[in-house]
Amino acid sequence: MSFAKLTTKETSNMILSELIKSINLTSGKALDLGAGSLLESKFLLSVGYSVDAVDVDTVSESFSREIHDDKFKFFKTKIEDFDFKDEEYDIVVSLLTLSFISPDNFDKVFNAICGSLKRGGYTHLSFFGDRDAWAVTQQKMTFPTREKVENLLKDFKIIQFREEDKIGPTVRGDIKKWHIYNIVAQKL
Ligand SMILES: C[S@@+](CC[C@H](N)C(=O)[O-])C[C@H]1O[C@@H](n2cnc3c(N)ncnc32)[C@H](O)[C@@H]1O
């Protein structure tokens, strides 16, 4: 299934645009993990960032070919296999994606993501928590508790940690219970 093909999302995330407005940094390097239809990548490019976008999906890759900007690079790879370099990025965004990493790899990959952010840099993450309906059925995905996430982010100043518990449709139209963390944090 391709999320990028099925998604009806047409505008980039509000929290991200508020964050960019508040940090007032209009150049720098951004990483978009699980970039999907590339809306956040395009938004970050539009405000002046260089963007590395990562997604395993061939549809995202084909969308990436429509972006003709030297400041943009697309990596068609699993996040687990991406070559995270220490302190490379000013901002790391990953929306509705990190739960797709398996429990065996989650902590290691999460720590590599945090390591790739410069000190003082910002991250905006959203992913699924332990009360999500898929936590019961999707054994290969990761649904951490809030306590666990706070522990993984212990070297960050938490700016926002909002939990959404709601019933709503998937991109396929099935109705399910969602438990989603929305996080904005600054690396100390
Ligand atoms: C729910 S979509 C979110 C897309 C986008 N961030 C957004 O908010 O619109 C999840 C995306 O992550 C990608 N994805 C899932 N698991 C991945 C993995 N292990 N490595 C890289 N990309 C992955 C999917 O192909 C999909 O594009």
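The structure presented is a predicted model; accordingly, all values stated were derived computationally and were not measured. (Residues numbered from 1 in each chain as written. Predicted model: local features only at pLDDT ≥ 70, side-chain atom pairs only at ≥ 80, totals over all residues.)

S.K.: Where do I start with the site of the ligand in this structure?
M.R.: Within the structure, the ligand sits among 21 residues, and G34, G36, D57, L95 and F100 are positioned closest to it. Sorting the residues of the shell around the ligand by element identifies α1 (3-6) and β2 (49-55) as the ones contributing at least two each. Here the shell around the ligand is composed, by residue class, of 10 nonpolar, 6 polar and 5 charged. (Near = placed C-beta within 6 Å. Helix = DSSP H or I, 4+ residues; strand = E, 2+ residues; numbered from the N terminus. Nonpolar A, V, L, I, M, F, W, Y, C, P; charged D, E, K, R; others polar.)

S.K.: Explain the environment of L44 here, please?
M.R.: Residue placement: L44 occurs in helix α3 (residues 39-46). Expressed as a C-alpha distance, the spacing of L44 and V56, which sit 12 residues apart in the sequence, is 20 Å. If we ignore the near neighbours within four places in the chain, the residues touching L44 are A30, D32, Y49 and V51. (Contact = placed C-beta atoms within 7 Å.)

S.K.: Which parts of the structure should I look at to understand the sheet that holds strand β1 (residues 28-33)?
M.R.: Paired through backbone hydrogen bonds, the strands of a sheet run either parallel or antiparallel to each other. Strand order in the open sheet formed by 7 strands is β3-β2-β1-β4-β5-β7-β6, and the pairing between neighbours is mixed. Where the open sheet ends on each side, the last strands, each with one partner, are β3 (72-76) and β6 (156-169). On average, adjacent strands in this sheet sit at an angle of 10° to one another, irrespective of strand direction. With 3 bridges joining them, β1 and strand β4 (residues 89-95) adopt parallel strand pairing. Residue pairing across strands places L31 opposite V92, the latter belonging to β4. (Pairing = 2+ DSSP bridges. Axes fitted to C-alpha atoms, helices over the stretch in contact; angles between N-to-C directions.)

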